[in-house]
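# An overview of the molecular structure
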Amino acid sequence: FKAFLPRFTARYELSSDLNVYASAAKGNKPGGFNNFPADAIPADIADFTAQGFDVFREETAWAYELGAKGRIGRLNFAVAGFYTDWQRQQLSRGESYTRTNGQPNSVVFIQNAGASEIKGFEVELNGNLSREFFFRLGYTFVDARFTRFYDDVTEEIFDTYGRPAFRSDDTRNPL
């Protein structure tokens, strides 16, 4: 796997006590190959291959952030908003199979989700209120969700009815 992973950062000082910044960066995690269990019956190996579990693709993410950092009197502050567009996120999935001796077993494969997004903001305040008293306060809000993904095993375990979920062909989650 080969990837070009650019990163862009800009900062502007509005005053000696305030600067703003923006960044954009592309990240990745290489794809790979799942190992099929050596003790699985041929029918299960054929089923795993038909479902595409032999290979998983590279995941990529573009991350964006806008923020400001500064000082007001004795207080330092930082605020930022962020967004990540995550494609082909790699997830683990358990599959059952039958061993060649007839006993049941399970194996974990890596699979790709269609798309995910993460958005949110963070705020931090800190400072010396006196010589003896330093404080720090922070808050982060994150909204992370799959925007295009459907997994029948996850559907059964977590009962995703009522939440948007999509099959890999972009059709809506069947209810």
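Quick caveat: nothing in here was measured; it's all calculated off a predicted structure.

## Points about the overall build of the protein chain
Scanning the protein chain for helices and strands turns up two helices and ten strands. Sequence-ordered secondary structure for the protein chain, helices as α and strands as β, is β-β-β-α-β-β-β-β-β-β-β-α. With 175 residues in all, the protein chain has 29% of them scored as buried. A sequence separation of at least 24 residues applies to 57% of the contacts in the protein chain between residues at least 6 apart. When the accessible area of the protein chain is evaluated, it comes to approximately 11900 Å², of which 55% is carbon and sulfur surface.

## Re the environment of Pro37
Turning to its location among the elements, Pro37 is positioned in the loop between strand S3 (32-33) and helix H1 (42-50). With relative accessibility at 13%, the residue Pro37 sits in the buried group. On a C-alpha basis, the gap between Pro37 and Val108 in space is 9.8 Å, while along the polypeptide they are 71 residues apart. Not counting chain neighbours up to four residues away, the residues in contact with Pro37 comprise Ile45, Phe48, Tyr97, Val107 and Phe109.

## A short note on the environment of Phe149
Mapped onto the fold, Phe149 is located in the loop between strand S10 (134-148) and helix H2 (152-158). On the basis of relative accessibility, which here comes to 11%, the residue Phe149 falls in the buried class. The spatial distance from the C-alpha of Phe149 to the C-alpha of Ala113 is 5.3 Å, given a sequence separation of 36 residues.

## Things to note about the sheet that holds strand S2 (residues 18-29)
In spatial order, the strands read S1-S2-S5-S6-S9-S10; together these six strands make up an open sheet with antiparallel pairing. In this open sheet, the two edge strands, each paired with only one partner strand, are strand S1 (7-15) and S10. When strand polarity is set aside, the average angle formed by the axes of neighbouring strands in this sheet is 10 degrees. Note that strand S6 (residues 75-87) and strand S9 (residues 115-128) share 13 bridges and pair antiparallel. Each bridged residue has a counterpart across the sheet, and for Asp85 the counterpart in S9 is Glu117.

## A few points about the side chain of Thr84
On the secondary structure map, Thr84 appears in strand S6. Classification of Thr84 by relative accessible area gives buried; the value is 15%. Sequence-distant contacts of Thr84, defined by excluding residues within four places in its chain, comprise Ala61, Trp62, Ala63, Ser116, Glu117 and Ile118.

## Points about the pairing of strand S5 (residues 59-72)
Here twelve bridges tie S2 to S5, and the two strands are oriented antiparallel to one another. Along S5, the bridge assignment pairs Ser23 with Glu65. In terms of strand pairing, S5 meets S6 through 13 bridges, oriented antiparallel. The partner of Leu66 across the bridge, within S6, is Gly81. Remark: two residues form the turn of the hairpin made by S5 and S6, two consecutive strands paired antiparallel; Gly73 in that turn has positive phi of roughly 60 degrees.

## Comments concerning the side chain of Asn34
Here Asn34 shows up in the loop between S3 and H1. A distance of 2.7 Å separates the side chain of Asn34 from the backbone oxygen of Phe53, its partner in a polar contact. A polar contact of 2.9 Å, which involves the side chain of Asn34, links it to the backbone oxygen of Ile110. In contact with Asn34, not counting residues within four places along its chain, are Phe53, Asp54, Phe56, Phe109 and Ile110.

## Remarks on the pattern of salt bridges
In the structure shown here, the tally under the stated rule is five salt bridges. Between Glu117 and Lys119 there is a salt bridge; the shortest N-O distance is 3.5 Å. A salt bridge links Glu124 to Arg136; the nearest nitrogen and oxygen atoms lie 3.5 Å apart. Here Glu124 is found in strand S9, whereas its partner Arg136 is found in strand S10, with twelve residues between them in sequence. Taking relative accessible area as the criterion, Glu124 reaches 29% and is therefore assigned partly exposed.

Criteria and thresholds
Residues numbered from 1 in each chain as written. Predicted model: local features only at pLDDT ≥ 70, side-chain atom pairs only at ≥ 80, totals over all residues. Heavy atoms only, no water. Helix = DSSP H or I, 4+ residues; strand = E, 2+ residues; numbered from the N terminus. Buried < 20%, exposed > 50% of the residue type's maximum accessible area, 1.4 Å probe, protein only. Contact = heavy atoms within 4.5 Å. Areas by Shrake-Rupley, 256 points an atom, 1.4 Å probe, with all protein chains shown as cover. Pairing = 2+ DSSP bridges. Axes fitted to C-alpha atoms, helices over the stretch in contact; angles between N-to-C directions. Polar contact = N/O pair within 3.5 Å; in protein donor to acceptor, adjacent residues only side chain to side chain. Salt bridge = Lys/Arg side-chain N within 4 Å of Asp/Glu carboxyl O.

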